[in-house]
Amino acid sequence: MTARPGNAHQARLLTLLRDGGPNSRAQLGDQVDLSRSKLAVEVDRLLETGLVVADGLAASRGGRRSHNIRLNPELRFLGVDIGATSVDVAVTNAELETLGHLNHPMDVREGPVAVFEQVLAMAAKLRASGLAEGFDGAGIGVPGPVRFPEGIPVAPPIMPGWDGFPVREALSQELGCPVMVDNDVNLMAMGEQHAGVARTVADFLCVKIGTGIGCGIVVGGEVYRGTTGSAGDIGHIQAVPDGRPCACGNRGCLEAHFSGAALARDATEAAQQGLSAELASRLDTNGALTAVDVAAAAAAGDATALDLIREGGNRTGQVIAGLVSFFNPGLVVIGGGVTGLGHTLLAAIRTQVYRQSLPLATGNLPIVLGELGSAAGVTGAARLISDHLFSPA
């Protein structure tokens, strides 16, 4: 895709069509501050670019029937969500409907070259399946801070070898299309905002609990990234004074005490100390424990597993309580791999937030699990690149 909207009015029309689907000229006119003649000019210009196409006649509103307009159905976006232990790659249309989605285990510590070889192989597989001849743009999420204007990871604690790597430039050359890069939890927030539980909320927090812990901050409908791209790095807020050493070099960070990795370590210790027959059995069978094993043990009624989840939820809730008092969001979304722990974790987080934050901030505050699961990141990645391409050049 080489065309871009020529002005803010055209950008607004493209966004309305992306988020609301095909619409008539008359209905679009109800949502933008343009005269009928000016609207006709802007729509015609978009039709000339090929970004939108005519889509038949709309239902009559009492006069001459208006034509429906839709985004070009041949547009294709690539969404890539790189996590600490796996990669998700998806193809969407311009309305961000997922047409194909692949997941592959991958350790981000293998470095950017190995990870992107895998990403490109997955993208090629999706392309070969007939879902796309090529890509009009790609959004990439990585599990660490990103200098957003340049699309470059900056000192990511769990990503050795990635600091300063030119992700946007390298992937743009390989894919032959524009690329945008952001932190993975920001993309998860954008995914839930577009098609998940946060569709109607302008100010919310999206907390991702996986191998690490991060928070997407959405203010007035826009992701807040901070001056250097590290906004929302709540995994490195101190949760336990003089606590465990953390990968960042400090002690007592939330991430060191409750994350996928921390939970697996604590479960392994409990199994080895004979505190849980269920976890010990799983350790013997699998050779290692993960958060999935803890969730399964908790579902079977294992008291130790339930205690580990509640303790982690309490510590996470304490940190979120401080964020709620500071930010006063309209919603808190909990997502990431550890959300397989389900409502035991959610109940512990809710208890701490509602207990510690002021009633004025929590009186009408929903704290909920995300709706999209692993699809949130790739949907958010496609949303990221579409926001870029649907803005004036």
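Residues numbered from 1 in each chain as written. Predicted model: local features only at pLDDT ≥ 70, side-chain atom pairs only at ≥ 80, totals over all residues. Heavy atoms only, no water.

*Asks:* So what's going on with the sheet that holds strand 11 (residues 204-209)? Which residues, and what values?
*Replies:* Reading across from one edge, 13-12-11-14-15 is the order of the five strands in this open sheet, with mixed pairing throughout. A strand with exactly one partner marks an edge of an open sheet, and here the two such strands are strand 13 (222-223) and strand 15 (367-369). Here two bridges tie strand 12 (residues 213-219) to strand 13, and the two strands are oriented antiparallel to one another. Residue Val-219 lies in a different strand from strand 13, and its bridge partner there is Glu-222. Together, strand 11, strand 12 and strand 14 (332-335) form the strand contacts of helix 11 (residues 303-327), whose direction differs from that of strand 11 by roughly 160°. Against the sheet, helix 12 (residues 343-356) makes contact with strand 11, strand 14 and strand 15, and its axis sits at roughly 165° relative to strand 15, the strand it touches most. (Pairing = 2+ DSSP bridges. Helix = DSSP H or I, 4+ residues; strand = E, 2+ residues; numbered from the N terminus. Contact = heavy atoms within 4.5 Å. Axes fitted to C-alpha atoms, helices over the stretch in contact; angles between N-to-C directions.)

*Asks:* Let's hear about the packing of helix 9 (residues 277-286) against helix 10 (residues 291-299): which residues, and what values?
*Replies:* Look at helix 9 against helix 10: their axes get within 10 Å of each other, and the N-to-C directions meet at 140°. Judged by the angle between their axes, helix 9 and helix 10 are oblique. Seen along the crossing, helix 9 lies across helix 10 with a hand that is right-handed. In this structure, helix 9 contributes Glu-278, Leu-279, Arg-282 and Asn-286 to the contact, and helix 10 contributes Asp-293, Val-294, Ala-296 and Ala-297. (Parallel < 35°, antiparallel > 145°, perpendicular 65-115°, else oblique. Left-handed = near helix turned anticlockwise from the far one by under 90°.)

*Asks:* Tell me what's going on with the side chain of Gln-10, and back it up with residues and numbers.
*Replies:* Positionally, Gln-10 belongs in helix 1 (residues 8-20). One polar contact links the side chain of Gln-10 to the main-chain amide nitrogen of Gly-6, over a distance of 2.8 Å. Excluding residues that lie within four positions of it along the chain, Gln-10 makes contacts with Pro-5, Glu-42, Arg-45 and Leu-46. (Polar contact = N/O pair within 3.5 Å; in protein donor to acceptor, adjacent residues only side chain to side chain.)

*Asks:* Outline the packing of helix 11 against helix 12, supporting the account with residue identities and numerical values.
*Replies:* Where helix 11 contacts helix 12, the axes come no closer than 7 Å and their chain directions differ by 40°. The interaxial crossing formed by helix 11 with helix 12 has right-handed handedness. When helix 11 is examined against helix 12, the residues Leu-306, Ile-309, Arg-310, Gly-313, Asn-314, Thr-316, Gly-317, Gln-318, Ile-320, Ala-321 and Val-324 are found in contact with a partner set consisting of Thr-344, Leu-345, Ala-348, Ile-349, Gln-352, Val-353 and Gln-356. Its residues assigned to classes, the contact of helix 11 with helix 12 shows nine nonpolar, eight polar and one charged. (Nonpolar A, V, L, I, M, F, W, Y, C, P; charged D, E, K, R; others polar.)

*Asks:* So what about the environment of Gly-151? Which residues, and what values?
*Replies:* Among the secondary structure elements, Gly-151 is positioned in the loop between strand 8 (146-147) and strand 9 (152-153). A relative accessible area of 0% places Gly-151 in the buried class. The spatial distance from the C-alpha of Gly-151 to the C-alpha of Val-179 is 8.5 Å, given a sequence separation of 28 residues. Sequence-distant contacts of Gly-151, defined by excluding residues within four places in its chain, comprise Val-146, Phe-165, Pro-166, Val-167, Arg-168 and Val-181. (Buried < 20%, exposed > 50% of the residue type's maximum accessible area, 1.4 Å probe, protein only.)

*Asks:* Describe helix 3 (residues 36-49), and please don't skip the residues or the numbers.
*Replies:* Compared with the 20 Å implied by 1.5 Å per residue over 14 residues, the 20 Å span of helix 3 between its first and last C-alpha is a close match. Once helix 3 ends, the next one or two residues include Gly-50, with phi positive near 85°. (Expected span 1.5 Å × (residues − 1).)

*Asks:* Help me get a handle on the sheet that holds strand 6 (residues 98-105), residues and values and all.
*Replies:* Across the sheet, which stays open at both edges, the five strands sit in the order 6-5-4-7-10 with mixed pairing between neighbours. Looking at the sheet topology across the chains shown, the edges are occupied by strand 6 and strand 10 (179-183). Strand-to-strand, the axes of this sheet are offset by a mean angle of 15°, without reference to chain direction. Across five bridges, the pairing between strand 4 (residues 77-82) and strand 7 (residues 137-142) is parallel. Considered in strand 7, the bridge of Asp-81 is made with Gly-141. Sitting on the sheet, helix 5 (residues 167-175) touches strand 4, strand 7 and strand 10, and the angle it makes with strand 10 is about 140°.

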